[in-house]
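Per-entry structural report
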Amino acid sequence: MPHQPPRPERAHPPMLTVTADALVAADFNPRGRSRGAPLKGRGAASICSSAAGREKPRITRGRHPTDAPELSGAQTPYRHLFKLPGTRGFAASGILARLPMGMFSVSAILMISGPHDYALAGAVVATGLAATALVAPYTARMVDRHGQAKIAVPATALALLGSLALIACVHWNAPTWTLFASYMATATVPNTGGMSRARWAHLLKDDPAALHTANSFEQAADELCFMLGPVLAAFLCTTLFPEAGTLIGGLICMTGVLIFAAQRTTEPPPAGRTTARSPIRTPGIPSLVAVFLAMGAIFGSLEVVTIAYADARGNTSAAGVILGLQAAGSCVAGLAFGALRVKGSTDRRFLYCLTAMTALMALPWLTASALGSLLALAPAVLLAGMATAPTMVTAMTIVQRRTPEGQLNEGMTLAVTGLLGGIAGGSALGGWMVEHGPGPDTAGFAVPILAAGTALLLALFSRSHRTSGKTADSPAPH
């Protein structure tokens, strides 16, 4: 029998399978392969998981890494977030503490506009939000230095006293200036959303994919609060008594912050005193704050205009439902965005989101002008809100990358400061348009469109004037 040359050994393709929380690739080829990277041990398995501390997957040849986050886990990225000890506790209490954030402005407008008018109500809310924009960065700096639990509780207690003072001034018809002073006293309320995001950033600092999902969850939680908050505020103020929304909202906020502060195991360690300059002086942060300022004007103006539009048609309580639909659209979009494998430049994706927001904000104005119906306005506002969460998630991701280590609460609060300042300006401008603006009562819906367009132009201007060698995704020096 003629001698047969040895047959080349066949290479078996790796076997892939998905477990509850991992992708497993098993290679059963013999040891000592001459081609490709050898595997140690017969039937060795390479397990890639997003859990903290596990081995990171290697980048294969032919693929270009991007700054985009990858999906964490098999197909359920949100489930993996809450496998970490303590995350459920601070996430749930953080939502409870933030729920009144969607109540306070609507409650104040409904409470003040009764004995006065929408122009004064909008001005009072704008003044309070402007005061919060000034005070919040200092509160956040104290949180970074001394810890969340030590600062958040007394700061919330001071804000609650301001809310009670506002209720007393409105109820007993105090002079107008006392309304401004009382609402300004609520400025010490801490940024619970920022503190919650800081905890995720601390826990997931080595897992950008999971952090993207966590940021999306937090934005969806924000939108959930702004979805339920206006509905609850309108119900309380119109069903019980005008001051009920502000009173119950303040008590809910105090309760939520107390429970949140009690979750000590996930709290980031305090940074202590530092000589580092404020994050507002970090390259790229001022331009982002300006964009947040314009985006805040969208929300502030749309809130006042929608309430006045519903009131003019004899159904004020419907305003809370309609504003809740805007947040509902954003909440759904945020959850979907967090589960996506997004690709490409974060900076470019931010511009796409702002463009979509500008286009969608035209829907309420077109619907209100053409149909004049609250029923038709509701789906238009729902669709208009769907660009909000992806835009905010992308913007917050950029803020986290630019903010120096140990100043994350302050950096994110500066972004929220810009947002609150914009809400204040938008509320005042929206109230003025309702009471004194030219044209029909639907003209106020043009203000959110102009604000969204301004945000887009500011982002484009910032990108075109970026310092050479710097990108929007460049992390801050640590």
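First, a word on what this report is: a plain description of the structure on this page. (Residues numbered from 1 in each chain as written. Predicted model: local features only at pLDDT ≥ 70, side-chain atom pairs only at ≥ 80, totals over all residues. Heavy atoms only, no water.)

**Considering the overall build of the protein chain**
Counting secondary structure elements, the protein chain contains 17 helices and three strands. Residue pairs at least 24 apart in sequence account for 81% of intrachain contacts in the protein chain once pairs closer than 6 positions are excluded. (Helix = DSSP H or I, 4+ residues; strand = E, 2+ residues; numbered from the N terminus. Contact = heavy atoms within 4.5 Å.)

**Remarks on the environment of Ala451**
Residue placement: Ala451 occurs in helix 17 (residues 446-464). On a C-alpha basis, the gap between Ala451 and Ala294 in space is 5.4 Å, while along the polypeptide they are 157 residues apart.

**As for the packing of aromatic side chains**
Within this structure, the stated rule accounts for five aromatic pairs. Ring plane angle 80 degrees and centroid distance 5.8 Å describe the contact between Phe82 and Trp200, whose orientation is recorded as edge-to-face. Of this pair, Phe82 sits in the loop between helix 1 (77-81) and helix 2 (87-98) while Trp200 sits in helix 7 (residues 192-203), and the two are 118 residues apart along the sequence. When the centroid spacing of 6.5 Å and the interplanar angle of 85 degrees are considered together, the rings of Phe90 and Phe260 count as edge-to-face. With Phe90 in helix 2 and Phe260 in helix 9 (residues 244-261), this residue pair connects regions lying 170 residues apart in the sequence. (Phe/Tyr/Trp six-rings, centres within 6.5 Å; stacked < 30°, edge-to-face > 60°.)

**Focus: the pattern of salt bridges**
Once their charged atoms are close, side chains differing in charge can pair, the charge on each being opposite to the other. The full count for this structure, using the stated rule, is four salt bridges. Arg197 is the partner of Asp222 in a salt bridge, and the nearest nitrogen-oxygen pair spans 2.8 Å. Of this pair, Asp222 sits in helix 8 (residues 208-239) while Arg197 is found in helix 7, placing the two residues 25 residues apart along the sequence. Residues Arg264 and Glu267 are paired through a salt bridge, measuring 3.0 Å at the closest nitrogen-oxygen approach. One network of salt bridges, with partners in common, ties together Arg98, Arg197, Glu218 and Asp222. (Salt bridge = Lys/Arg side-chain N within 4 Å of Asp/Glu carboxyl O.)

**Quick look at the packing of helix 4 (residues 118-146) against helix 6 (residues 176-184)**
For the pair helix 4 and helix 6, the least separation of the axes is 8 Å and the interaxial angle reads 35 degrees. Helix 6 is crossed by helix 4, and the crossing has right-handed handedness. Contact residues: helix 4 offers Leu120, Ala123, Val124, Val125, Thr127, Gly128 and Ala131, while helix 6 offers Thr176, Leu179, Phe180, Tyr183 and Met184. (Axes fitted to C-alpha atoms, helices over the stretch in contact; angles between N-to-C directions. Left-handed = near helix turned anticlockwise from the far one by under 90°.)

**Notes on the nonpolar core**
Generally speaking, a soluble globular protein has its nonpolar side chains buried in company with each other. In this structure, Leu81 and Trp200 are the most contacted members of the largest nonpolar core, which totals 100 residues. Looking at this core element by element, the count peaks at 14 residues for helix 10 (residues 285-312). Leave out the neighbours within four places in its chain, and Trp200 touches Leu81, Phe82, Thr87, Phe90, Leu211, Ala214, Phe217 and Glu218. (Core = buried A, V, L, I, M, F, W, Y, C linked by side-chain atoms within 4.5 Å. Buried < 20%, exposed > 50% of the residue type's maximum accessible area, 1.4 Å probe, protein only.)

**Comments concerning the packing of helix 8 against helix 11 (residues 318-338)**
The N-to-C vectors of helix 8 and helix 11 enclose an angle of 170 degrees; their axes lie 8 Å apart at closest approach. The orientation of helix 8 with respect to helix 11, classified from their angle, is roughly antiparallel. Considering how the two elements wind past one another, helix 8 and helix 11 form a crossing that is left-handed. Contacts from His212, Thr213, Ser216, Ala220, Glu223, Leu224, Phe226, Met227, Pro230, Val231 and Ala234 of helix 8 reach helix 11 at Gly320, Val321, Leu323, Gly324, Ala327, Ala328, Ser330, Cys331, Gly334, Leu335, Phe337 and Gly338. Residue composition of the contact of helix 8 with helix 11, by class: 14 nonpolar, eight polar and one charged. (Parallel < 35°, antiparallel > 145°, perpendicular 65-115°, else oblique. Nonpolar A, V, L, I, M, F, W, Y, C, P; charged D, E, K, R; others polar.)

**Describing unusual backbone geometry**
Positive phi values are uncommon outside glycine, yet Asn173 reaches one of about 55 degrees. Structurally, Asn173 can be placed in the loop between helix 5 (148-171) and helix 6. A relative accessible area of 56% places Asn173 in the exposed class.

**Here's the deal with helix 10**
Taking 1.5 Å of rise per residue, 28 residues should cover 40 Å, and helix 10 covers 41 Å from first to last C-alpha, within 8% of that figure. Among the 28 residues in helix 10, 22 count as buried, and that is most of the element. Count one or two residues on from helix 10 and you reach Gly314, which has phi positive near 75 degrees. (Expected span 1.5 Å × (residues − 1).)

**Here we look at the environment of Leu110**
Inspection of the secondary structure puts Leu110 in helix 3 (residues 104-113). In contact with Leu110, other than residues within four places in its own chain, are Ala233, Ala234, Cys237, Ile307 and Thr316.

**A look at helix 7**
Taking 1.5 Å of rise per residue, the 12 residues of helix 7 would be expected to cover 16 Å, and the 17 Å separating its terminal C-alpha atoms lies within 8% of that figure. Of all 12 residues that make up helix 7, 10 are buried, and the element is covered over most of its length. Within the span of helix 7, buried status applies to Thr192, Gly193, Gly194, Met195, Ser196, Arg197, Ala198, Arg199, Trp200 and Ala201.

**Considering the side chain of Ser427**
Structurally, Ser427 is set in helix 16 (residues 408-436). Among residues more than four places away in sequence, those in contact with Ser427 are Gly122, Val125, Gly300, Ser301 and Val304.

**As for a nonpolar patch on the surface**
A surface patch of nonpolar side chains, amounting to about 630 Å² of accessible area, comprises Leu158, Leu161, Leu164, Leu240, Phe241, Leu247 and Leu251. Among the elements of the structure, helix 5 and helix 9 are those that each provide at least two residues to the nonpolar patch. By residue number, the principal contributor to the nonpolar patch is helix 5, which donates three residues. Topologically, Leu251 is positioned in helix 9. The class of Leu251 is partly exposed, set by a relative accessible area of 45%. (Patch = residues over 30% accessible without salt bridge, like charges linked within 9 Å, V, L, I, M, F, W, Y side chains within 5 Å. Areas by Shrake-Rupley, 256 points an atom, 1.4 Å probe, with all protein chains shown as cover.)

**Description of the environment of Ala376**
Position of Ala376 among the secondary structure elements: in helix 14 (residues 374-384). With a relative accessible area of 21%, Ala376 lands in the partly exposed category. With 12 residues separating them in the primary sequence, Ala376 and Pro364 have C-alpha atoms 9.0 Å apart. Residue contacts for Ala376: discarding those within four places in its chain leaves Thr367 and Leu371.

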